[in-house]
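In case you want the letters, here they are:
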Amino acid sequence: NRHRAAAAAGATFTDMVFAHQVHGPDVAVVTDADRGRGTLTVDDAPAADALVTATPGVGLAVMVGDCVPIVLYDPVAHVVAAVHAGWRGTVARVSDAALDAMAGLGAERARVLAGLGPAITADRYQVGDDVAHAARACFGGDADGVVRPDGTGRWTFDLWEANRRLLVEAGVDPANIEISPVGTGPGTPY
C-alpha cells in the first residue's frame, strides 16, 4: 500500500519519508538525505508527529486512523508539512511546532494553506476526564465547542475544531483552512 500511496502522489517509494509517530509535538525537518526513511520499517523513521520539508520531490507521510491528518503548505516558500494530530498531539500543539519549523525554512503563517483530512467525528469520539482536562488546559476558557459533556459522564472531543482553532490562533488565515467532509469512527460508512 505504501508503494500505491507513493504512486498516487506522483512519487516513487524511495522518495517517501514516513514518520514514527510519538503522539506529541515533535517535528522532523526532512531533506534529500532522508528519502526512503520509514518506508520499510519504523526503526529508521524520524520520531515525530510532523514532517516538514522544502526539498522538492520528497514525499511526506503520516498515518492515521481516527486522528487528524493535516497538510500545511506555503505556496510562495514551497515549504510543506504533514502532521499527525491525535488528541495528545493536538493539545501539545503539534500544528504550532510544524508552523515554527516551516517558518525556519522561509514560510509565513499568513500564507499557509491548511487541509485537515478525514478524522473521527466529534459525535463518535467519546473521551474521559483526562482528555477533557487536557483539552481545557490547552484552550483555557475557550474549550466550549471542542469538548462537550455527552450526558453519560464522559465527553466528546472535536479534533477538527480543535486543530482549526489552533491553526487560526497560530496565524493561519481561516479562509485558507479546508476541513474534510469525510468522518471516521465506529458506525461511519467508508
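These numbers were taken from a predicted model, which means no experiment stands behind them. (Residues numbered from 1 in each chain as written. Predicted model: local features only at pLDDT ≥ 70, side-chain atom pairs only at ≥ 80, totals over all residues. Heavy atoms only, no water.)

Side note on helix α3 (residues 94-104)
Among the 11 residues of α3, eight are classified as buried, and the element is accordingly described as predominantly covered. Along α3, the residues that are buried comprise V94, S95, D96, A97, A98, L99, A101 and M102. Contacts made by the buried residues of α3 are with β2 (27-30), β3 (50-53), β5 (68-74), β6 (79-85), α2 (87-91) and α5 (159-169). Backbone geometry just downstream of α3 places G106 in the positive-phi region, at approximately 105°. (Buried < 20%, exposed > 50% of the residue type's maximum accessible area, 1.4 Å probe, protein only. Helix = DSSP H or I, 4+ residues; strand = E, 2+ residues; numbered from the N terminus. Contact = heavy atoms within 4.5 Å.)

Digging into the pairing of β3
On β3, burial covers both faces: A50 and V52 on one face and L51 and T53 on the other are all buried. Here β2 runs beside β3; their pairing, made up of four bridges, is parallel. Residue pairing for β3: A28 is matched across the bridge by L51. Note: β3 against β6, four bridges, orientation antiparallel. Opposite T53, over in β6, you have V80 as the bridge partner. (Pairing = 2+ DSSP bridges.)

Thoughts on the pattern of salt bridges
According to the stated counting rule, one finds 12 salt bridges in the structure shown. Two residues, R93 and E169, come together in a salt bridge whose shortest N-O distance is 2.5 Å. Within this pair, whereas R93 is found in the loop between α2 and α3, its partner E169 is found in helix α5, the two being separated by 76 residues in sequence. The class for E169 is exposed, based on a relative accessible area of 53%. Measuring nitrogen to oxygen at the nearest pair gives 3.7 Å for the salt bridge that ties R165 to D142. One end of the pair, R165, is in helix α5; the other, D142, is in the loop between α4 (129-139) and β10 (147-149), with 23 residues separating them in the sequence. (Salt bridge = Lys/Arg side-chain N within 4 Å of Asp/Glu carboxyl O.)

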